[in-house]
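Chain by chain, the residues:
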Amino acid sequence: MSNIDKILVPFDFSESSVNALEYVINFVGPNRDINILALYVAAMPMTESEENTLKTDFEKVIHSFHKKIKESPEFITITGDVIESILSVQEKHNTDLIMMGTMGDKSTDEAITNTSRLVLEANCPVISIPYGCAIKEPKDIALVMGGEEIEDKEVLKTLLDVARTFNSRVHVLTIYKESVYAEESIVDKTERLLEYYLEHFYVEHTFNKNQDVEEGILGYITKKNIDLLAILPRNHTRLSTPSEGRLTKLLTLHSEIPVLTLD
């Protein structure tokens, strides 16, 4: 039984948001009781006529997918800053998951997109959906873990929900730069935790050596034909020193498959 009841989808009629919406429609499927809330954030206040036009155009986009869905998506508009508005609506409507499209930026490591900002600021799980990714169910998921212990085991519930929904195989990947032992990885304890929280969907834990962590992750995705990448961002960590979220940002910018940030 999934705990995902409501999904928030930022939508602005761009190519990346249309691609993301189609991915979400396919993700929800024709038989699941999941509500989709599509949010259009306007820079300036709109008239009622303009809002009605947007709703009509949104319905046309939905119909163009030619996919059945149990609950028709709801379309709402709000005026304000994009990220602040998304976070405010997520809290107000108590959505379980945000799914947002991104064009990414493979040309630089310093780029900032609304999606890469959102995944670092949100206090709920976010799936970033890169433009052009395959619209398919995530049958093989890679969870990236460092050597540190998982502080909040509850964040794994979303990953388990997704794995249960699609009967996915969850592969766990740890990239180390020198010696795996030097990473102070508490392997045995982590293995027991993964087996407990991810049930039979957990299939393997791979340790790969690579000086460039992002390169190692992206290479693993290609080698294993991974459909969804899951990461545990440490910028909100409480028991250890928070990071600035650089790896999370880079993967959101560069990954060619959807990235689930567990928060």
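Residues numbered from 1 in each chain as written. Predicted model: local features only at pLDDT ≥ 70, side-chain atom pairs only at ≥ 80, totals over all residues. Heavy atoms only, no water.

**What to know about helix α2 (residues 48-64)**
Over its 17 residues, α2 extends 25 Å from the first C-alpha to the last, a length consistent with the 24 Å expected when each residue adds 1.5 Å. Of all the residues in α2, the buried ones are Leu54, Phe58, Val61 and Ile62. Seen from one end, α2 has its buried residues packed into an arc of 100°, which puts them on one side. Those residues of α2 that are exposed and aimed more than 90 degrees away from the buried face are Glu48, Ser49, Lys60 and His63. Along its buried surface, α2 packs onto α1 (15-28), β2 (35-42) and β3 (74-79). Remark: His66 follows α2 within two positions and exhibits a positive phi of approximately 55°. (Helix = DSSP H or I, 4+ residues; strand = E, 2+ residues; numbered from the N terminus. Expected span 1.5 Å × (residues − 1). Buried < 20%, exposed > 50% of the residue type's maximum accessible area, 1.4 Å probe, protein only. Arc of directions from axis to C-beta. Contact = heavy atoms within 4.5 Å.)

**Re the environment of Ile76**
The topology assignment puts Ile76 in strand β3. Along the primary structure Ile76 and Phe11 are separated by 65 residues, whereas in three dimensions their C-alpha atoms are 9.7 Å apart. Ignoring anything within four residues of it in the chain, the contact list for Ile76 reads Leu37, Ala38, Leu39, Tyr40, Val89 and His93.

**Things to note about the environment of Phe27**
Looking at where Phe27 falls in the secondary structure, it is placed in helix α1. Residue classification places Phe27 among the buried residues on the basis of a relative accessible area of 5%. With 110 residues separating them along the chain, Phe27 and Glu137 place their C-alpha atoms 6.4 Å apart.

**Thoughts on the packing of α1 against α2**
Relative orientation of the contacting elements α1 and α2 amounts to 55°, with a least axis distance of 10 Å. The pairing of α1 with α2 is recorded here as oblique in orientation. Viewed along their axes, α1 and α2 form a crossing whose handedness is right-handed. Between α1 and α2, the contacting residues are Val18, Leu21 and Ile25 on the first element and Phe58, Val61 and Ile62 on the second. Of the residues in the contact of α1 with α2, the class split is six nonpolar, no polar and no charged. (Axes fitted to C-alpha atoms, helices over the stretch in contact; angles between N-to-C directions. Parallel < 35°, antiparallel > 145°, perpendicular 65-115°, else oblique. Left-handed = near helix turned anticlockwise from the far one by under 90°. Nonpolar A, V, L, I, M, F, W, Y, C, P; charged D, E, K, R; others polar.)

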